[in-house]
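# Structural description and commentary
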Amino acid sequence: MSTDPCDGCGAEVRIGGGIGDFWTLSPGTTGGMTLELDDDSEHFLCFDCVDALPDYPTAEDVAALERSAGDGDGG
């Protein structure tokens, strides 16, 4: 199992697949996804942060997620 930090809230997000899951009998799923936004920015976000984004998000919206997580209100 490997993890990557969410670009929104900073939480460590599980990445499913790979050699780490090959040897386990309880494979898991990935807890997030990489989004390429219309402003040509790319962000790896957990599913909670993806759900918190507005329709047609920009990098500024992802930065707003970071501020919300820092306030204890998000992510």
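Okay, so let's go over this structure. Residue numbers here run from 1 along each chain, matching the order of that chain's written sequence. Given that the model is predicted, a residue must reach a pLDDT of at least 70 before its local features are reported, and side-chain atom pairs must reach 80 or more before they are shown or counted; all residues, however, enter totals for whole chains, interfaces and linings. As a convention, hydrogens and water are excluded, and side-chain values are obtained from all of the structure's heavy atoms.

### Let's talk about the overall build of the protein
As a reminder, the rule being used: Only DSSP runs of H or I with at least four residues qualify as helices, and only runs of E with at least two residues qualify as strands; both kinds are numbered from the N terminus onward. Burial classes: relative accessible area under 20% of the type maximum marks a residue as buried, over 50% as exposed, and values in between as partly exposed (1.4 Å probe, protein chains only). Between two residues, a contact is recorded if the distance between any of their heavy atoms is within 4.5 Å. For the area figures, the Shrake-Rupley method with a 1.4 Å probe applies, and any residue is considered shielded solely by the protein chains shown.
Counting its secondary structure elements, the protein contains 3 helices and 4 strands. Ordering the α and β elements of the protein from the N terminus gives β-β-α-β-β-α-α. Buried residues in the protein amount to 24% of all 75 residues. Pairs at least 24 apart in sequence give 29% of the contacts found in the protein among residues at least 6 apart. Counting only carbon and sulfur atoms, one obtains 51% of the accessible surface of the protein, whose full area is about 5,000 Å².

### Focus on the nonpolar core
General note: in soluble globular proteins, nonpolar side chains tend to be found buried as a group. Our working definition: Definition used in this section: a nonpolar core is a set of buried Ala, Val, Leu, Ile, Met, Phe, Trp, Tyr and Cys residues joined via side-chain atoms within 4.5 Å.
Among the nonpolar cores identified, the biggest contains 12 residues, and these are Cys6, Val13, Ile15, Leu35, Leu37, Phe44, Leu45, Cys46, Cys49, Leu53, Val62 and Leu65. Mapped by element, the contributors of at least two residues to this core are strand E2 (12-15), strand E4 (42-46) and helix H3 (59-70). At 3 residues, E4 tops the list of elements feeding residues into this core. If we skip the residues at most four places from it in the chain, Cys6 touches Ala11, Val13, Phe44, Leu45, Cys46 and Cys49.

### Here we look at the pairing of E2
Let me state the cut-off plainly: Strands are treated as partners if at least two bridges between them are detected by DSSP.
Residues Val13 and Ile15 line the buried face of E2, whereas the alternating positions Glu12 and Arg14 sit on a face that is not buried. Here 4 bridges tie strand E1 (residues 2-5) to E2, and the two strands are oriented antiparallel to one another. Among the inter-strand pairings, Pro5 is bridged to a residue of E2, identified as Glu12.

### Some thoughts on the state of the cysteines
Operational definition: Here, a disulfide means two cysteine sulfur atoms that sit within 2.5 Å of each other.
Within the structure shown, the criterion is met by 0 disulfides. With no disulfide of its own, Cys6 lies 3.7 Å from the sulfur of Cys49, the closest cysteine sulfur. Residue Cys6 is classed as buried on the basis of its relative accessible area, which comes to 4%. Left unpaired, Cys46 is separated from the closest cysteine sulfur, that of Cys49, by 3.7 Å.

### Some words on the environment of Leu53
With respect to the helices and strands, Leu53 occurs in the loop between helix H2 (47-52) and H3. Between the C-alpha atoms of Leu53 and Ala64, which are 11 residues apart in sequence, the distance is 9.4 Å. Among all residues touching Leu53, those that are not within four sequence positions of it are Leu35, Leu45, Asp61, Val62 and Leu65.

### Concerning a negative patch on the surface
Applied cut-off: Patch members must show over 30% relative accessible area and no salt bridge, and they are joined within 9 Å when carrying like charges or within 5 Å when they are nonpolar side chains of Val, Leu, Ile, Met, Phe, Trp or Tyr. Each reported salt bridge corresponds to a side-chain nitrogen of Lys or Arg within 4 Å of a carboxyl oxygen of Asp or Glu. A residue counts as positive if it is Lys or Arg and as negative if it is Asp or Glu; His and the chain ends are not included. By convention, the point assigned to a charge is CZ for Arg, NZ for Lys, CD for Glu and CG for Asp.
A cluster of acidic residues, Glu36, Asp38, Asp39, Asp40, Glu42 and Glu60, forms a negative patch at the surface. Along the chain, the position of Asp40 falls in the loop between strand E3 (32-36) and E4. Residue Asp40 is classed as exposed on the basis of its relative accessible area of 66%.

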